[in-house]
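Take a look at the letters that make up each chain.
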Amino acid sequence: FPESHAASFALLVYASAWVKCHHPAIFACALLNSQPMGFYAPAQIVRDARDHRVQVRPIDVNHSGWDCTLEAAPGSAEGLALRLGLRLVSGLSQDVAMRLAEERAARGAFTSIADLARRTPIERSALEALAGADAFRGLGRDRRAALWDAAALSAPAPPLAAHEGAEAAPRLPRATAGEQTVLDYAGTGLTLRAHPMKLLRPQLDALGLADTRALAGAPQGRSLRLPGLVLVRQRPGSAKGVVFFTIEDEHGIANLIMYPDIAERFRATVVTAKLILAEGTVERHDTAEVPIIHLLVRRVSDRTDLLATLHHLDDARWDGIVARADEVRHPDYRRDVRPAVRL
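Only a predicted model underlies this, so the values are computations on that prediction, with no experimental measurement involved. (Residues numbered from 1 in each chain as written. Predicted model: local features only at pLDDT ≥ 70, side-chain atom pairs only at ≥ 80, totals over all residues. Heavy atoms only, no water.)

(A) Seen up close, the overall build of the chain. A tally of helices and strands in the chain yields 14 helices and 8 strands. Relative to its 343 residues, the chain shows a buried fraction of 45%. Summing over all exposed atoms, the chain offers an accessible surface of approximately 18,200 Å²; the carbon and sulfur share of this is 56%. (Helix = DSSP H or I, 4+ residues; strand = E, 2+ residues; numbered from the N terminus. Buried < 20%, exposed > 50% of the residue type's maximum accessible area, 1.4 Å probe, protein only. Areas by Shrake-Rupley, 256 points an atom, 1.4 Å probe, with all protein chains shown as cover.)

As structure tokens, then:
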């Protein structure tokens, strides 16, 4: 870098690192309220905050505003909890969120989904978006019950029956842990429940696969087979064709390096995979205070199919959840991809 650019960048990095170290809740809240930005999606920002002792509270129609906010929380880092905002609800407009917050401030908390719908007339799609984000749990209605309520509020009135009486509430089946996690991702782009890789771990263990903890403790030169969700994939112009991956599991992140011949050989996986299995050799440099560790990849395979075992969610939705970065958003690397490769 030119000296002036390097100095400016170093100052930003130092200031950001200082805030993140001493005020992790404030830092995470600010990043979430600045989305979309950078390489990392809200799921990774929230995971990192929780790793640094920040208590994260879910989206709630009686507590969340449009932006993420901070609440008093003894025992959490800085004594602050991070309350997720309605901006994270997929399909919910800022106008609707602001109307909810204003009505709540003027006349008090909502007592039920019907109360919310009556006091703040909103479209069925907005009710369903809030229900899909599990934002009514604080009212005693889980996701499935809330979706049922939202549909009932929008349905035409039934014909008058021969006898009066309230219809019995349906007994809806409980969602599995996998369904809850996937639906959290679909509704908000993140989950405060189990990480997808944790739910897949029994299958991965049966295949004899490692995790990011094994990579962190592995010696130089050890061979590992490491699966993970794709967070970032880059091919910087200055890297002479080298592709850099960042992947995540329930324990942390790992950095992968693919030389041009490997990236070309496994081009379809490099471009499209949401969950990959990387096989390679551990490279580590322990001279720094914090060791620099990555996996030098010799083979990679697409295991996105494993995500479908949690709950059905189409590829396009997973793409928006787990794969970020300029290489995906502005894919110079894809320009010469053969037509046979599905993008």
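(B) The arrangement of helix H8 (residues 177-188) in detail. With 12 residues, H8 extends 16 Å between its outermost C-alpha atoms, agreeing within 8% with the 16 Å of an ideal straight helix rising 1.5 Å per residue. Within H8, 10 of the 12 residues are buried, leaving the element largely enclosed by the surrounding structure. When we look at burial in H8, the residues that qualify are Gly178, Glu179, Gln180, Thr181, Val182, Asp184, Tyr185, Ala186, Gly187 and Thr188. Positive phi appears at Gly189, one or two residues downstream of H8, with a value of about 85°. (Expected span 1.5 Å × (residues − 1).)

(C) Spotlight on the sheet that holds strand S1 (residues 55-57). Here we have 3 strands laid out as an open sheet, ordered S1-S3-S2, and mixed in their pairing. Single-partner strands in this sheet number two, and they are S1 and strand S2 (69-72). Adjacent strand axes in the sheet meet at a mean angle of 35°, parallel and antiparallel pairs treated alike. Together, S2 and strand S3 (80-83) form the strand contacts of helix H2 (residues 24-32), whose direction differs from that of S3 by roughly 15°. (Pairing = 2+ DSSP bridges. Axes fitted to C-alpha atoms, helices over the stretch in contact; angles between N-to-C directions. Contact = heavy atoms within 4.5 Å.)

(D) Local environment of the layout of surface pockets. Reported here for the largest pocket is a volume of approximately 1,100 Å³. In terms of lining, the largest pocket is formed by 36 residues, of which the most central are Tyr40, Asp48, Thr246, Ile253 and Asn255. Elements with a minimum of two residues in the lining of the largest pocket: H2, helix H3 (42-51), helix H10 (212-217), strand S4 (223-234), strand S5 (243-249), strand S6 (252-258) and strand S8 (292-302). Among the residues making up the lining of the largest pocket, the classes are represented as 23 nonpolar, 10 polar and 3 charged. (1 Å grid on protein atoms, 1.4 Å probe; cavity = no way out; pocket = protein on both sides within 12 Å on 5 of 7 lines; lining within 4 Å. Points joined across faces, edges and corners; volume = space filled by probe spheres on them. Nonpolar A, V, L, I, M, F, W, Y, C, P; charged D, E, K, R; others polar.)

(E) Spatial organisation of the nonpolar core. One finds Leu82, Leu84, Leu86, Leu92, Leu116, Leu130 and Phe136 to be the most contacted residues of the largest nonpolar core, which totals 41 residues. With 5 residues, helix H6 (residues 124-132) is the largest single contributor of residues to this core. The residues touching Leu92, leaving out its near neighbours within four places in the chain, are Trp66, Leu86, Ala97, Ala126, Ala129 and Leu130. By size, the runner-up hydrophobic cluster in this structure holds 24 residues, among which are Ala218, Leu224, Ile247 and Val282. (Core = buried A, V, L, I, M, F, W, Y, C linked by side-chain atoms within 4.5 Å.)

(F) Region of the structure containing the pattern of salt bridges. Taken as a whole and assessed by the stated rule, the structure comprises 24 salt bridges. Salt-bridge contacts for Asp48 lead to Lys20; the nearest nitrogen and oxygen are separated by 2.8 Å. One end of the pair, Asp48, is in helix H3; the other, Lys20, is in helix H1 (residues 3-22), with 28 residues separating them in the sequence. Beyond isolated ion pairs, a larger network of salt bridges with shared partners links Glu103, Arg107, Asp115, Arg118 and Arg119. (Salt bridge = Lys/Arg side-chain N within 4 Å of Asp/Glu carboxyl O.)

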